Amino acid sequence: LEFRRVLFRSLKSLKLNLYGQNFTNTEDILLTIDGSRIEFNSFSLRTGLAALSINGNLDLEKGYDMTIAGRAYLGPLKGFISGIEYIRGYSDFVLAIRGKWLDPVFNGGLSIEETSLAVTGIPNRFSSIKGYIYIDENRIVLDTLSGRFASGDIRVRGVAQLKGLNLRDFHFEGVVKNINL
């Protein structure tokens, strides 16, 4: 007979600031801690119009097994992607992360609409951006991304591969129409 110490905790209030966005939980979060494993019930975080639902577990020795879904403001991406000067818009998404800490497996999808973006070194902004991206076993597929640029239209699609937490082996193609530079 083996005895383990299992700890249950209920978090009444969680406040999290990520890149200028203040998230708070909308309901109690029940945590179960069993050795190196931290399991949590499905809970929601909200900030303004953005909302995230998170469930699953983390194992401090092994890695992730969690799902994140919701609607997110894209502004914080500026802090993750060099070369972005400006980004505004929202995304609806679902993302499952499973596996080792430095070599996770991602699956999910992301759709964006009415997004605008400015890139360092490019004098015009991209606007009216909409599209769908999905991830299947770390293979990222940019199904179609379209928008407006310099009074014209632009469409991009492509694929990339995640290796660990890095982007590898990517290929993109695009079509531009009536661009005025």
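By convention here, each chain's residues receive numbers from 1 onward along its written sequence. Whole-chain, interface and lining totals are the exception, using all residues; otherwise, since this is a predicted model, local features are given only for residues with pLDDT of at least 70 and side-chain atom pairs are given and counted only at 80 or more. Working from all heavy atoms in the structure, the side-chain values ignore hydrogens and water.

J.: Would you mind going over the pairing of strand E4 (residues 29-34) with me for this structure?
T.: Here is the key point about a regular strand: its side chains alternate between the two faces of the sheet. Pairing between two strands requires that DSSP report at least two bridges joining them. Each helix is a run of H or I in the DSSP string that is no shorter than four residues. Each strand is a run of E no shorter than two, and both are numbered from the N terminus. Inspection of the sheet shows strand E1 (residues 6-11) paired to E4 by six bridges, in the antiparallel sense. By the bridge assignment, Arg9 is partnered in E4 with Leu31. The sheet contact formed by E4 and strand E5 (residues 37-47) spans four bridges and is antiparallel. Bridged to Leu31 within E5 is Phe40.

J.: Just to check I follow, could you spell out the pattern of salt bridges for this structure?
T.: Any two side chains of opposite charge can pair, on the condition that their charged atoms come close. Think of a salt bridge as a Lys or Arg side-chain nitrogen and an Asp or Glu carboxyl oxygen that are within 4 Å of each other. In the structure shown here, the tally under the stated rule is six salt bridges. Two residues, Lys12 and Asp28, come together in a salt bridge whose shortest N-O distance is 3.1 Å. Of this pair, Lys12 sits in the loop between E1 and strand E2 (15-18) while Asp28 sits in the loop between strand E3 (21-25) and E4, placing them 16 residues apart in sequence. Judged by its relative accessible area of 62%, Lys12 falls in the exposed class. Buried, partly exposed and exposed residues are distinguished by accessible area as a fraction of the type maximum, computed with a 1.4 Å probe on protein chains only: under 20%, between the cut-offs, and over 50%, respectively.

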